[in-house]
Amino acid sequence: MGMKFLFIFLPYLSFGIFLGGVLYRFWRWARTPVPLRIVTTPAPKTRLGVAWRIAGDVLWFPSLFKGDKPLWVAGLLFHLFLWLVLLRHLRYFLYPVPGWVAAVQTPGLYAGYLIPLPLIFLFARRLLAERILYISILGDYFALFLLLTLTINGILLEAFFRAYIVDVKALILGLVHFQPIVPDVHWLFTLHFLLAMVLLIYFPFGKLMHSGGIFLSPARNQRANFEQSFTNPWDYPVAYNRENLFPPEKYAQDLAESEGGK
Amino acid sequence: MHVPLPVPGLKIGASIHQRCYPAKTKDMIKIDLPRTRVQDWKETMLKKMAEVLDKYRSVRLYLDICVKCGACADKCPFFLGTGDPKNMPVARADLLRKVYKRYFTLGGKVWGRANEAEELNEAVLAEWFTYFYQCSECRRCSVFCPYGIDTAEITIAAREIMAAAGIATKYVTEVVAKVYDTGNNLGIWAPAWKDNCTFLEEDLKEIEGVDIKFPVDAVGAEILLVPPSADNFANTDTMIGYAKMFHAAGISWTTSTYCNEGGNFGLFLDYANLKKVNNRILEAARQLKVKKVYWGE
């Protein structure tokens, strides 16, 4: 019963939560208007320029490069390794395995071995750097802990306690084709699988949504086309509370007096 | 040569005592805000917060996606100056974020304090009033944030939320009220403005031997000049510079006694007052039938 829950029910549930949660977050952000032009300058003037700027923010983190070099190195390496590892995992989902997924297996393998290094750096930084320790909350440690356990677990599976690949692939393809099965695998694999589900469930709720939010950040996705007018969709007329202000008649009188005195 | 400022170590509570004077009733009336803090301030603020979250994507998104990487932490001039950890942009935003989490997110409702969620109470409000007024909206943090998170947006939102409940500072409200009374931040009355202009004309005649006018409220001029009001009062060399430049270029210009202020303190208060102060430029330009507005601060 427990295994059925873990290998059949939980995967669909967690994927549903992941997909629904991410879409909900995007929908919530996208439907919230952007009333003012608040782009951080210097900013591109064209849409193509904006695409390039966002691509940079997603792929090589220029702001972090300007602001914090060690963090830039660790962040960049972690994200690069993560992409490689994720792409490598595609081989469990696809049959037959396409050539490019096969090509990414070796780089993905090395990335998998190395990925704990930047994670450990990021973890240590939170504990050792005074400022970062002050701002860190449980969610920050949880995300790092989860990723670290998941990756170390993956390395153990790869290097020492190899899961029988045919069983693993049967499990995943079974899920993909809605014919789920309960496999007979090492408990370390079961743990790996469970942690991945936890990650999927956690993803839409916490800070991991930075991965999607960056695309909608008004300071980055607006253009510096200041010569064009910008309309605030919820703008409303404003009026003075005139009876409480200095009376205009008195104002005119003061002016007349000053001119009379000349 | 570029010499980076030394980054101070954390001095907890270093600037908690540097708190602004609260707004005066006489000013609050003029700028259409509750006279003093309203009885149900908490409900009013939460209601306003819900409104702000639905009106500004920046606020909602920036509260949601911060990963607390700390890249902004040593970039804020207020932090570099005081060493108070709550002046790190991320920690400043956290003051709003913890209340947002408590009332507007599932994670905050379920996990509570473990997920940094916190009730809006007297102590939190005191922190808001202190630290949201120790931000100059310079947006330096946004330059270094990997997602462009702009703490100025958060600060502006928090001040707007407080203003709705009748909580604001004396400095800002007094200045905005002065704009509505006199047209400028310094409270220079129309006769004084005119008088200063005449005085500068005489000065200029003495120095240069040329008749250069400082037109005031001249209908039909080509350009309406909206300078910072200090140019008419303290930085008069700048005002003389404008006049010389227009004279040399042969352009007809004027200042307005209805709107003679390039700065807008509404930015530090709320959207309605921001717009009211800005609208004066349009109103003055239409009144004086000018073709262009030159406006700077």
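Residues numbered from 1 in each chain as written. Chains lettered and ligands numbered in written order. Predicted model: local features only at pLDDT ≥ 70, side-chain atom pairs only at ≥ 80, totals over all residues.

A closer look at the nonpolar core
Residues and elements named next belong to chain B. The test is simple: Defined on buried residues, the nonpolar core groups Ala, Val, Leu, Ile, Met, Phe, Trp, Tyr and Cys residues joined through C-beta atoms within 7 Å. Three exposure classes are used, based on other C-beta atoms lying within 10 Å of a residue's own C-beta, which is placed from the backbone: buried for 20 or more, exposed for 12 or fewer, and partly exposed in between. Whether two residues are in contact depends on their C-beta atoms, placed from the backbone: they are in contact if these lie within 7 Å.
Grouped together as the largest cluster of nonpolar side chains are 84 residues, with contacts concentrated most on Tyr62, Cys72, Leu96, Ala157, Met162 and Val176. When near neighbours in sequence (up to four residues on either side) are disregarded, Met162 contacts Met45, Trp128, Phe129, Ile167 and Ala168. Counting 11 residues, the second largest nonpolar core, distinct from the first, contains Ala221, Leu224, Val226 and Val290.

Structural notes on the interface of chain A and chain B
Filter applied, for reference: Note on conventions: DSSP H or I runs of at least 4 residues are helices, E runs of at least 2 residues are strands, and numbering of each starts at the N terminus. Amino acid classes used here: Ala, Val, Leu, Ile, Met, Phe, Trp, Tyr, Cys and Pro are nonpolar; Asp, Glu, Lys and Arg are charged; the rest, including Gly, are polar.
On the side of chain B, 53 residues touch chain A, which itself brings 48 residues to the contact. Sorting the residues of the side of chain A that touches chain B by element identifies α3 (62–67), α8 (130–135), α9 (138–159), α12 (210–213), α13 (218–221) and α14 (248–260) of chain A as the ones contributing at least two each. When the residues that make up the side of chain A that touches chain B are grouped by side-chain class, the tally is 26 nonpolar, 13 polar and nine charged.

A look at the sheet that holds strand β1 (residues 223–226) of chain B
Sheet strands associate in pairs through backbone hydrogen bonding, adopting either a parallel or an antiparallel arrangement. Residue and element names in this part refer to chain B. Our working rule: DSSP calls a pair of strands paired once it identifies at least 2 bridges connecting them.
The three strands lie next to each other as β2-β1-β3, forming an open sheet whose pairing is parallel. At either margin of the open sheet sits one strand with a lone partner, and together these are β2 (253–254) and β3 (292–295). Here β1 runs beside β3; their pairing, made up of four bridges, is parallel. By the bridge assignment, Ile223 is partnered in β3 with Lys292.

A word on the environment of Asp84 of chain B
Residues and elements named next belong to chain B. Tracing the chain through its elements places Asp84 in the loop between α4 (77–82) and α5 (89–104). The exposure class of Asp84 is buried, given the 23 C-beta atoms found within 10 Å. C-alpha separation for the pair Asp84 and Gly9, spaced 75 residues apart in sequence, amounts to 8.7 Å. Those residues within four positions of Asp84 in sequence are excluded, and the remaining contacts are Lys11, Gly13, Ala14, Ser15 and Phe79.

A few points about the domain arrangement of chain B
Residues and elements named next belong to chain B. For clarity, the threshold we go by: For the domains described, the bounds stem from an automatic or database domain assignment.
Split into domains, chain B comes out as domain 1 (25–168) and domain 2 (174–295). On a C-alpha basis, the centres of domain 1 and domain 2 stand 35 Å from each other. The interface is formed by eight residues belonging to domain 1 together with 10 residues belonging to domain 2. With three residues, the top contributor of residues to the side of domain 1 that touches domain 2 is helix α9 (residues 151–164). Its residues assigned to classes, the side of domain 1 that touches domain 2 shows three nonpolar, no polar and five charged.

Examining the packing of helix α4 (residues 69–89) of chain A against helix α7 (residues 116–128) of chain A
Residue and element names in this part refer to chain A. Our working definition: Under this scheme, a helix contributes an axis fitted over its contacting stretch, all axes are lines through C-alpha atoms, and angles between N-to-C directions fall in the 0 to 180 degree range. An angle below 35 degrees is read as roughly parallel, one above 145 as roughly antiparallel, one from 65 to 115 as roughly perpendicular, and any other as oblique. Left-handed describes a crossing whose near helix is turned anticlockwise from the far helix by less than a right angle; the clockwise case is right-handed.
Relative orientation of the contacting elements α4 and α7 amounts to 140°, with a least axis distance of 8 Å. The orientation of α4 with respect to α7, classified from their angle, is oblique. For the crossing formed where α4 meets α7, the hand is left-handed. Facing Ala74, Leu77 and Phe78 of α4, the residues of α7 in contact are Pro118, Leu119, Phe121 and Leu122. Looking at the contact of α4 with α7 residue by residue, the class counts come to seven nonpolar, no polar and no charged.

As for α5 of chain B
Residues and elements named next belong to chain B. Going by this rule: Given a helix with a known number of residues, its expected span is that number minus one, times 1.5 Å. Values of bend correspond, residue by residue, to the angle between axes fitted over the seven residues ending at that residue and the seven starting there.
If you check α5, its first and last C-alpha atoms are 21 Å apart, about what 16 residues at 1.5 Å a residue would give, namely 22 Å. At Leu95, α5 shows its largest bend, some 35°. The buried fraction of α5 amounts to 14 of the 16 residues, a majority that puts the element mostly inside the structure.

A few points about the confidence of the model for chain A
Quick note on the threshold: Scored from 0 to 100, pLDDT reflects the predictor's confidence in each residue.
For chain A, the mean per-residue pLDDT works out to 91, and 94% of the residues sit at or above 70. Averaged pLDDT values over the elements of chain A bottom out at 67 in α14 of chain A and peak at 97 in α7 of chain A.

Some thoughts on the confidence of the model for chain B
Looking at chain B as a whole, its pLDDT mean stands at 94, while 100% of the residues score no less than 70. Both scores are available for the predicted complex, with the pTM at 0.91 and the ipTM at 0.91.

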